[in-house]
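Given next are the chains, with one letter for each unit.
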Amino acid sequence: MDYKELIQKTEDFMISEFRGEGSGHDWFHIDRVRKMALNLGGQEGCDLFIVEMAALLHDLDDWKLVQAETHFPSRAEKWLVEMNLEQDVVSKIIQIIEDVSFKGAGVETPVRSLEAAVVQDADRLDAMGAIGIARTFAYGGNKKRQIYDPAVNPVMHEDFHAYQTSSAPTINHFYEKLLLLKDRMNTETAKTIAIGRHQYMEFYLTQFFEEWEANR
Ligand code: ADP
Ligand code: NI
């Protein structure tokens, strides 16, 4: 199979897995991340096959979406092996997927390759701005979280476990993740895009709290 066919097969697989997903991780999220990652990766001189495969598969084994305990090898790895990719290519792609995810407000998430840097930036940009706001409330509703509770303050998670076990209202997620992302971008292009999306979220939150307080 050539690269084009491999991408097409992986795309079809991800569409079948994620179409209609209701927590903001639907196929269109994956497709936006893929396109943004290719765009950033082109500017950074990345291996674009690796970037595209990792972007397509990045949420397949995400702990937020998969109920089961961590299973080895991951479904992404199984898929890549089934596609007859060489072991070093499989390892590179799996390493990116491991690096990408946000793991808590106070937890660093260093990337081990330029390809991981652009996929992480692309995934994080999709958590910001108007689409990021929509995804966040979709996720909160899907997990039966409250929209906002003034009695529950945002926290700085000290480790991944604290982040994973949080059940805070959705507005807190802006302070615990979304507003931190602007300063955690890897590439210059992503930093510039993040500034606009960050401002939009701040504007949204100002309006949210003005309305909340309107009749007090
Ligand atoms: P990451 O792997 O970095 O978490 P994802 O692609 O899995 O990135 O998407 C994360 C998105 O899921 C967040 O940006 C947000 O929209 C939603 N999300 C995750 N955790 C929460 C939460 N506690 N409250 C609300 N939304 C959340
Ligand atoms: Ni994602």
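Cut-offs and rules
- Residues numbered from 1 in each chain as written.
- Chains lettered and ligands numbered in written order.
- Predicted model: local features only at pLDDT ≥ 70, side-chain atom pairs only at ≥ 80, totals over all residues.
- Heavy atoms only, no water.
- Donors = N, O, S within 2.8 Å, 3.2 Å for Na, K, Ca; no water.
- Helix = DSSP H or I, 4+ residues; strand = E, 2+ residues; numbered from the N terminus.
- Buried < 20%, exposed > 50% of the residue type's maximum accessible area, 1.4 Å probe, protein only.
- Core = buried A, V, L, I, M, F, W, Y, C linked by side-chain atoms within 4.5 Å.
- Lys, Arg positive; Asp, Glu negative; His and termini not counted.
- Salt bridge = Lys/Arg side-chain N within 4 Å of Asp/Glu carboxyl O.
- Polar contact = N/O pair within 3.5 Å; in protein donor to acceptor, adjacent residues only side chain to side chain.
- Contact = heavy atoms within 4.5 Å.
- Near = heavy atom within 4 Å.
- Areas by Shrake-Rupley, 256 points an atom, 1.4 Å probe, with all protein chains shown as cover.
- Expected span 1.5 Å × (residues − 1).
- Phe/Tyr/Trp six-rings, centres within 6.5 Å; stacked < 30°, edge-to-face > 60°.

Teacher, can you tell me more about the coordination of the nickel ion (ligand 2) here?
The textbook angles at a metal center are 109.5 degrees for a tetrahedron of four donors and 90 or 180 degrees for an octahedron of six. Only His 29 (NE2), His 58 (NE2), Asp 59 (OD) and Asp 123 (OD) from the protein coordinate the nickel ion (ligand 2), and they sit 2.1 to 2.4 Å from it. As a motif over one chain, the donors of the nickel ion (ligand 2) read H-x28-H-D-x63-D. With His 58 in the loop between helix H3 (48–57) and helix H4 (75–82) and Asp 123 in helix H6 (residues 114–125), the pair connects residues that are 65 residues apart, well separated along the chain. Judged by relative accessible area, His 58 falls into the buried class, the value being 5%. The exposure class of Asp 123 is buried, given its relative accessible area of 14%.

Which parts of the structure should I look at to understand the nonpolar core?
Generally speaking, soluble globular proteins have nonpolar side chains that are buried together. Met 14, Leu 57, Leu 80, Leu 85, Ile 93 and Val 119 are the most contacted members of the largest nonpolar core, which has 56 residues in total. For this core, the element with the highest residue contribution is H3, accounting for eight residues.

Quick question: what am I supposed to make of the side chain of Asp 59 here?
By secondary structure assignment, the location of Asp 59 is in the loop between H3 and H4. Although Asp 59 is buried, it makes no salt bridge; Arg 135 carries the closest opposite charge, 5.0 Å away. A polar atom in the side chain of Asp 59 sits 3.0 Å from the side chain of His 58. In this structure Asp 59 touches Phe 18, His 25, His 29 and Leu 65, once residues within four positions along its chain are discounted.

What is the right way to look at the site of ligand 1 in this model?
Near ligand 1 there are 18 residues, and of these His 25, Lys 64, Ser 101, Asp 123 and Arg 145 occur at the shortest range. Note that an oxygen atom of ligand 1 is positioned 3.1 Å from one of the side-chain N or O atoms of His 29. In this structure, Lys 64 approaches ligand 1 through a side-chain N or O atom, which is 2.8 Å from an oxygen atom. Isolated, ligand 1 exposes 560 Å² of accessible area, and the fraction of that covered by the protein chains is 96%.

Would you explain the pattern of salt bridges in this entry?
Side chains that differ in charge, positive against negative, can pair when their charged atoms come close. One pass over the structure, following the stated rule, counts 12 salt bridges. Of the charged contacts in the structure, one is a salt bridge between Glu 11 and Arg 34, with a shortest N-O distance of 2.8 Å. Here Glu 11 is found in helix H1 (residues 3–18), whereas its partner Arg 34 is found in helix H2 (residues 27–44), with 23 residues between them in sequence. Like Glu 11, the residue Arg 34 is buried in the burial classification. In this structure, Lys 35 and Asp 31 form a salt bridge, with 2.7 Å as the shortest nitrogen-oxygen distance. One end of the pair, Lys 35, and the other, Asp 31, are both in helix H2, four residues apart, so they sit about a helical turn from each other. Each member of the salt-bridge network shares a partner with another, and the members are Glu 11, Asp 31, Arg 34, Lys 35 and Glu 52.

Sorry if this is basic, but what is going on with H2 here?
One turn of the α-helix equals 3.6 residues, which is why residues spaced by three or four share an orientation. The terminal C-alpha atoms of H2, which comprises 18 residues, lie 25 Å apart, in line with the 26 Å expected from a rise of 1.5 Å per residue. Those residues of H2 that are buried lie in contact with H1, H3, H6, helix H7 (129–142) and helix H10 (188–213). One or two positions beyond H2, positive phi appears at Gly 45, with a value near 75°.

Hey, could you run me through the packing of aromatic side chains in this one?
Each aromatic ring pair is described using two quantities: the centre-to-centre distance and the angle formed by the ring planes. Taken as a whole and assessed by the stated rule, the structure comprises 14 aromatic pairs. Relative to Tyr 204, the ring of Phe 174 lies with its centre 6.1 Å away and its plane at 25°, an arrangement referred to as stacked. A residue pair is termed long-range when its members are at least 10 positions apart, and Phe 174 in helix H9 (residues 170–176) and Tyr 204 in helix H10 qualify at 30 residues. In this structure Phe 174 comes out as buried when scored by relative accessible area, which is 0%. Assessed through its relative accessible area of 25%, Tyr 204 is described here as partly exposed. Taken together, a centroid distance of 5.3 Å and an interplanar angle of 80° make the contact between Phe 208 and Phe 209 edge-to-face. Judged by relative accessible area, Phe 209 falls into the partly exposed class, the value being 23%. Each residue in the set Phe 137, Tyr 148, Phe 174, Tyr 204, Phe 208, Phe 209 and Trp 212 is aromatic and connected to the rest through ring pairs, giving one cluster.

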